[in-house]
Amino acid sequence: MSQKLEAFRAGYVAIIGRPNVGKSTLLNSLVGQKVSITSRKPQTTRQRITGILTRDDAQLMFVDTPGFQTRHVSALNRHMNRAVTQALTDVDVILLVIEAGRFSAEDRALLALLPGKRRVLLVINKIDRLADRGLLLPFIAEVAGTHDFAEIVPVSATKGHGVDELARTISRYLPEQPALYGADEITESTERFLAAEMIREKLFRLLGDELPYASAVLIDKFVMEGTMRRIHASIIVDKDAHKGIIIGAQGAQLKAIGTKARLDMEKLFGGKVHLELWVKVKRGWTENQQVLKQLGYG
Ligand SMILES: Nc1nc2c(ncn2[C@@H]2O[C@H](COP(=O)(O)OP(=O)(O)OP(=O)(O)O)[C@@H](O)[C@H]2O)c(=O)[nH]1
Ligand SMILES: [Mg+2]
């Protein structure tokens with residue numbers, strides 16, 4: 001028996017890409033829990049989110065980032081872009097996520113911004129959406145010609161295809177060192193932050209197009225009562241009219257948001273949650289540094 005013992009590897013992996021390519025869905029699929037919120041609308045993620053995957057031979061600390069934007073310029077958007085560039089500074093490996101069949105000018109622009117020294121693994125996501133699987137190989141050949149990618153890995157984050165293979169591939173690029181987190185830890189985010197995010201996700205999923213971008217969530221109270229978490233949160237909006245839409249007829253919309261968010265929290269925290277929600281108007285909050293700071297976007 002002369003089996004070579006592989007050393008344990010651990011390191012940080014940034015997940016970047018333009019809005020809506022499936023970065024957060026991929027993170028959740030890698031970690032096996034919803035630590036980062038997702039929606040079909042772009043710009044769902046607003047700040048750096050971590051997810052930890054511990055395997056037999058490696059520990060991968062993922063850093064999910066907001067979709068990098070080239071068009072909008074509010075203070076909130078600037079904060080989001082900063083979160084992307086900061087995430088790139090301390091990582092061992094970068095995952096650039098793109099959509100199968102589409103390598104756009106925005107993808108290329110983002111690629112050009114990446115620090116030259118870091119290894120970049122290209123992840124081609126949403127392969128389940130390709131009408132013809134035969135299109136994948138020519139697409140891989142096309143993108144391979146544009147940059148010296150360390151690896152090119154096709155996946156479907158929603159179906160889980162290729163995700164385990166991706167984790168194994170990334171592990172090979174991490175430095176040899178012991179695990180930095182316990183095997184049961186899945187994120188660096190606090191429960192307080194995760195609670196606010198679960199509520200924000202419902203705003204993205206249940207409301208029309210404009211509203212989620214003009215809203216944010218503030219946790220006013222988070223206390224343990226025995227094994228139950230009692231959480232009070234405010235949804236911050238920009239206009240009086242938005243308040244009415246979020247509350248809905250007889251409070252039905254707000255109730256739906258609260259119920260769905262609570263169920264997610266109970267699953268993630270593994271205990272009962274009592275959630276109370278309010279809606280508050282703060283005009284111009286996306287440009288207000290004080291409010292942005294209070295929300296953790298400062
Ligand atoms: N068909 C398909 N849809 C996917 C896949 N991965 C993600 N999606 C969908 O793509 C949409 C965007 O997913 P997110 O994970 O929120 O994307 P993101 O890149 O984190 O977006 P931002 O945070 O807004 O930049 C959601 O509707 C996902 O369900 C996939 O593998 N296949
Ligand atoms: Mg995201």
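Residues numbered from 1 in each chain as written. Chains lettered and ligands numbered in written order. Predicted model: local features only at pLDDT ≥ 70, side-chain atom pairs only at ≥ 80, totals over all residues. Heavy atoms only, no water.

Draft legend 1. Structural context of the coordination of the magnesium ion (ligand 2). S24 (OG) and T45 (OG1) make up the full set of protein donors to the magnesium ion (ligand 2), lying at 2.0 to 2.1 Å. You can see S24 sitting in helix α1 (residues 23-31) and its partner T45 sitting in the loop between α1 and β2 (49-54), a full 21 residues away along the chain. The burial state of S24 is the same as that of T45; both residues are buried. (Donors = N, O, S within 2.8 Å, 3.2 Å for Na, K, Ca; no water. Helix = DSSP H or I, 4+ residues; strand = E, 2+ residues; numbered from the N terminus. Buried < 20%, exposed > 50% of the residue type's maximum accessible area, 1.4 Å probe, protein only.)

Draft legend 2. Quick look at the side chain of R46. Relative to the helices and strands, R46 resides in the loop between α1 and β2. Among buried charged residues, R46 stands out as having no salt bridge; its nearest opposite-charge side chain is E197, 6.8 Å away. A polar contact of 3.5 Å, which involves the side chain of R46, links it to the backbone oxygen of Y213. R46 has contacts with P66, L76, H79, M80, R200, F204, P212, Y213, S215, A216, W285 and Y297, leaving out every residue within four places of it along the chain. (Lys, Arg positive; Asp, Glu negative; His and termini not counted. Salt bridge = Lys/Arg side-chain N within 4 Å of Asp/Glu carboxyl O. Polar contact = N/O pair within 3.5 Å; in protein donor to acceptor, adjacent residues only side chain to side chain. Contact = heavy atoms within 4.5 Å.)

Draft legend 3. Highlighting the nonpolar core. Among the nonpolar cores identified, the biggest contains 27 residues, and I199, I231, I235, I246, M265 and F269 are the most heavily contacted of them. Going through the elements one at a time, α6 (191-206), β7 (215-225), β8 (228-237), α8 (252-269) and β9 (273-281) are the ones with two or more residues in this core. Ignoring any residue separated from it by four or fewer positions in sequence, one finds I246 in contact with L203, L207, L211, I235, V237, Q253, L254, I257 and V279. Ranked by size, the runner-up nonpolar core spans 26 residues in total, among them V13, I15, V155 and L166. (Core = buried A, V, L, I, M, F, W, Y, C linked by side-chain atoms within 4.5 Å.)

Draft legend 4. Representation of the side chain of H79 in the model. Mapped onto the elements of the fold, H79 is located in helix α2 (residues 75-89). What makes H79 buried here is its relative accessible area of 8%. The residues contacting H79, other than those within four sequence positions of it, are R46, Q47, G296, Y297 and G298.

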